[in-house]
Amino acid sequence: MQDTVLENTKRLPQLTPEYLREFEEEIAAEFNVGNIRAPVHLYSGNEEMMIDLFRGIHRDDWVLCSWRSHYQCLLKGVPRDELKREILDGRSISLCFPEYRIFSSAIVTGILPIGVGIAMAIKRSGEKNRVYCFIGEMTSETGVAHECIKYSENHNLPIHFIIEDNGKSVCTDTRQAWNCEKLTYEGIRNHRITYYKYNSKWPHAGAGVRVQF
Ligand SMILES: Cc1ncc(C[n+]2csc(CCOP(=O)(O)OP(=O)(O)O)c2C)c(N)n1
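Below or above, wherever it landed, is the structure these notes cover. Starting afresh in each chain, residues are numbered from 1 along the sequence in its written order. Only residues with pLDDT of 70 or above have their local features reported here, since the model is predicted, and side-chain atom pairs are shown and tallied only from 80 upward, although totals for entire chains, interfaces and linings are computed over all residues. Hydrogens and waters are ignored; side-chain quantities use all the structure's heavy atoms.

### A word on the pattern of salt bridges
Opposite charge on two side chains permits them to pair, given that their charged atoms come into close proximity. The salt bridge criterion pairs a side-chain nitrogen of Lys or Arg with a carboxyl oxygen of Asp or Glu, the two atoms within 4 Å. Overall, the coordinates contain 13 salt bridges when judged by the stated rule. The residue Glu153 makes a salt bridge to Arg192 at a minimum N-O spacing of 2.7 Å. Residue Glu153 is located in helix α8 (residues 143–154), and its partner Arg192 is located in the loop between α9 (174–178) and β7 (193–197); the two are separated by 39 residues in the primary sequence. With a relative accessible area of 36%, Glu153 lands in the partly exposed category. What counts as a helix is a DSSP run of H or I of at least four residues, what counts as a strand is a run of E of at least two, and both are numbered from the N terminus. Burial classification: accessible surface area is computed with a 1.4 Å probe over protein chains only, and a residue below 20% of its type maximum counts as buried, one above 50% as exposed, and the rest as partly exposed.

Printed below as a string of structure tokens:
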């Protein structure tokens with residue numbers, strides 16, 4: 001308990017939007033010349049939002065991500081060179097750094113039950129840290145997401161869901177797929193959910209050049 005409180009006072013790195021953007025540009029360039037023989041999923045257009053979110057995240061919190069997680073890794077304190085090495089080795093799609101308390105899964109909804117389990121363990125142990133789960137808007141429309149959010153709310157678990165809406169599930173328009181104008185969690189910002197919208201300049205995967213692995 002004492003350790004947890006002490007850990008919580010240590011700040012995560014303060015990064016600028018330019019720093020995040022430059023990192024993705026660097027990875028995009030490496031990918032487009034064939035230096036990365038595995039998929040990469042890049043962010044753009046949400047740098048300020050990410051930096052803002054991480055102002056509320058502490059070193060001993062757990063951050064769970066999908067296939068797109070470079071920004072979260074940098075903001076959670078993974079050293080730039082260590083992160084780049086993992087990406088160059090082909091692990092961008094499921095980056096895991098347990099020592100920095102960050103996990104990812106390339107399976108749609110994969111991290112959700114894991115996040116709920118960690119939050120349950122935290123609650124039972126009496127620790128004060130929290131879990132932050134980053135999911136896309138299509139993931140947020142799945143049954144698994146609805147159940148995990150409902151379970152977390154009803155059991156008052158220390159977990160927060162961040163829903164990142166880029167409008168697309170790979171190349172499919174999410175609202176068209178569900179034949180709806182408004183998504184289930186659209187616009188919500190409360191103690192359990194932070195929904196936000198962003199427009200990325202990158203395709204779902206890769207950086208615009210077809211690369212044969
Ligand atoms: C179980 C499973 N089914 C399908 C896929 C293929 N897939 C990868 S990303 C994705 C779309 C997810 O859309 P969204 O949740 O909005 O995330 P985004 O990448 O747009 O942020 C799909 C269907 C997968 N990775 N896992």
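### Examining the packing of helix α2 (residues 17–32) against helix α3 (residues 47–54)
Closest axis-to-axis distance for the α2/α3 pair is 9 Å, and the angle between their directions is 120 degrees. If you check the angle between α2 and α3, you find them oblique. Like other packed secondary-structure pairs, α2 and α3 cross with a definite hand, here right-handed. Residue-level contacts link Pro17, Leu20 and Arg21 of α2 to Glu47, Glu48 and Ile51 of α3. Across the contact of α2 with α3, the residue classes tally to three nonpolar, no polar and three charged. Axes here refer to lines fitted to C-alpha atoms; in helices the fit is confined to the stretch in contact. Angles between the N-to-C directions go from 0 to 180 degrees. Each angle receives one of four descriptions, namely roughly parallel if under 35 degrees, roughly antiparallel if over 145, roughly perpendicular if within 65 to 115, and oblique otherwise. Definitions for this section: a left-handed crossing has its near helix turned counterclockwise from the far helix by less than a right angle. A right-handed crossing has that turn clockwise. Throughout, a contact is declared for two residues whenever any of their heavy atoms are within 4.5 Å. Three categories are distinguished: nonpolar for Ala, Val, Leu, Ile, Met, Phe, Trp, Tyr, Cys and Pro, charged for Asp, Glu, Lys and Arg, and polar for the others, with Gly belonging to the last.

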